[in-house]
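Per-entry structural report
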Amino acid sequence: MRIKAIHEKTVQLQGNIANAVVDFSKHTVSLVAVVSDQVRNGKVVAGLAFNSIGRFAQGGIMRERMIPRLMEADPASLLDPTGSRFDPDIVSATVMRDEKPGGHGDRAGAAAALELAVWDLNAKLVDEPAYQHIAKAFAQTPITQGAPVYAAGGYYYAGESNQRLADELKSYLVLGYQAFKIKIGGASLAEDMGRIETAIKVAGNSSAVAVDANGRFNLPTALAYGKEIAPYNLRWYEEPGDPLDFDLLAELGGQYQGSMATGENLFSAADTQNLMRYARLRPDQDILQMDPGLSYGLSEYQEILKLTADAGFTRSQCVPHGGHLINLHIVTALGLGGCEAYPGVFNPFGGYSAQCRVQDGRVFPSDAPGFGLEQKTELAPHIKNLLGA
Ligand code: MG
């Protein structure tokens, strides 16, 4: 068994939305196909994945460094001892050959897309949904009652009103979501408090509303927001300051009694170790959002989970960033705390396929083989194009 070809393509994200820091209208994602020489059900088996959302396509790193390393490797060296599946750990080590440690930036997403495509490929080789395949690989019992899911949205729109925000969040209730996350920090504190109150009113419960500052605040502003929102006991207060300012998190956590969330902009086990060492997060309440698709894939994410467990966090505190099919399968497989979803935002990658079910605040993956990316109608034409079909 061998890899016959690897394709990658830059796909534009849809949606003219902005958080406190980033305008997503020019964002891109790398869609990847690892094509095997195997045939199942009359079709060549190809593993598909992408590098999550929010860090741009990484085609250059893949084309110039990582794909040649995989294609030059002895095909047998990429397989596990049974020879019946590709070994994701070895694939990761192969794409990272000759890379120096540290500096976990864009290459972490490039490596992740390739490694996750191998997980999709392995699951398809045995005709299993990825959540079942991943659960078996890591000796976990997958979630069967649906993973908790919240709708992420509440971005800033030009000329918007609180009524527009209320209408957006009400539309998520209709879709089966019961919890929301909205952006803060892109308007004044007073305006943001109006947005938060609007969200609480729609949710009917302040503990169903999380807020995300996307790393915008310095310590005084983070504390000022913390003081204002503390009485609401919100679901969580996400990325108040720079993602690498662990001291800010420690200071804020010393004063803000509610839950904080962070980690979507840490891309490695080494970064996670520093977060555990220096941010003084509270294992019984704070939320960890490291995203396998941004941090070298599932092999590295296992290391990340081990570090967080060693620091006292349970898997229920791990809620990966990136509301899409890949993380739905990973969360379900590994029994993590939940998923986010971006209904109607970040297409063609964000959100789930019609075959996935969202009900009473929980999400259920479909039983398509692999991550089921082919079932997502917005993504299907890009996959066809990538595979040259
Ligand atoms: Mg965030």
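Our subject is the structure that appears above.
All of the points below concern the structure found in this document. Please read these numbers as outputs of a predicted model, since none were measured by experiment. (Residues numbered from 1 in each chain as written. Predicted model: local features only at pLDDT ≥ 70, side-chain atom pairs only at ≥ 80, totals over all residues. Heavy atoms only, no water.)

Moving on: the overall build of the chain. Of regular secondary structure, the chain possesses twelve helices and twelve strands. Scaling as 2.2 N^0.38, a compact globule of 389 residues should have a C-alpha radius of gyration of about 21 Å, and the chain matches this with 20 Å. With the principal axes as the frame, the chain shows a C-alpha extent of 60 × 40 × 40 Å. Scored against the burial criterion, the 389 residues of the chain give a buried share of 59%. Partitioning the intrachain contacts of the chain with sequence separation of at least 6 by distance along the chain shows that 73% fall at a separation of at least 24. For the chain, the distance from the average site of its 34 positive side-chain charges to the average site of its 43 negative ones is 3 Å. (Helix = DSSP H or I, 4+ residues; strand = E, 2+ residues; numbered from the N terminus. Rg over C-alpha atoms; globule rule 2.2 N^0.38 Å. Buried < 20%, exposed > 50% of the residue type's maximum accessible area, 1.4 Å probe, protein only. Contact = heavy atoms within 4.5 Å. Lys, Arg positive; Asp, Glu negative; His and termini not counted. Charge placed at Lys NZ, Arg CZ, Asp CG, Glu CD.)

Turning to the coordination of the magnesium ion, a few remarks are in order. Looking at the metal site, the magnesium ion is ligated by Asp-212 (OD), Glu-238 (OE) and Glu-264 (OE), spaced 2.0 to 2.2 Å from it. Here the donor residues for the magnesium ion map to a single chain with the spacing D-x25-E-x25-E. You can see Asp-212 sitting in strand E6 (residues 209-212) and its partner Glu-238 sitting in strand E7 (residues 237-238), a full 26 residues away along the chain. Of the two residues examined, Asp-212 and Glu-238, each falls in the buried class. (Donors = N, O, S within 2.8 Å, 3.2 Å for Na, K, Ca; no water.)

Further remarks concern the packing of aromatic side chains. All told, the structure shown has eleven aromatic pairs when counted by the stated rule. Look at Tyr-155 and Phe-346: their rings are 5.9 Å apart centre to centre, the planes differ by 90°, and that puts the pair in the edge-to-face class. With Tyr-155 in the loop between strand E4 (147-152) and helix H5 (162-174) and Phe-346 in the loop between strand E10 (339-341) and strand E11 (357-359), this pair connects stretches of sequence that are 191 residues apart. An identical accessibility class is assigned to Tyr-155 and Phe-346; each is buried. Geometrically, the ring pair formed by Tyr-172 and Phe-180 is tilted, given 6.3 Å between the ring centres and 50° between the ring planes. When sorted by exposure, Tyr-172 lands in the same class as Phe-180, which is buried. Taken together through their ring pairs, the aromatic side chains of Phe-24, Tyr-155, Tyr-342 and Phe-346 make up a single cluster. Positioned above the aromatic ring of Tyr-156 is the side chain of Arg-195, whose terminal nitrogen or guanidinium carbon lies 4.2 Å from the ring centre. (Phe/Tyr/Trp six-rings, centres within 6.5 Å; stacked < 30°, edge-to-face > 60°. Lys NZ or Arg CZ within 6 Å of the ring centre and 35° of its normal.)

Quick look at the layout of surface pockets now. Here the largest pocket is characterised by a volume of approximately 480 Å³. Looking at the largest pocket, it is lined by 18 residues, and the ones nearest its centre are Lys-43, Val-44, Ala-46, Lys-124 and Glu-374. Within the residue set of the lining of the largest pocket, elements represented by two or more residues are strand E2 (28-40), strand E3 (43-50) and helix H12 (380-387). Examining the composition of the lining of the largest pocket, we find that five residues originate from one element, E3, more than from any other. (1 Å grid on protein atoms, 1.4 Å probe; cavity = no way out; pocket = protein on both sides within 12 Å on 5 of 7 lines; lining within 4 Å. Points joined across faces, edges and corners; volume = space filled by probe spheres on them.)

Geometric values such as these leave the question of function open.
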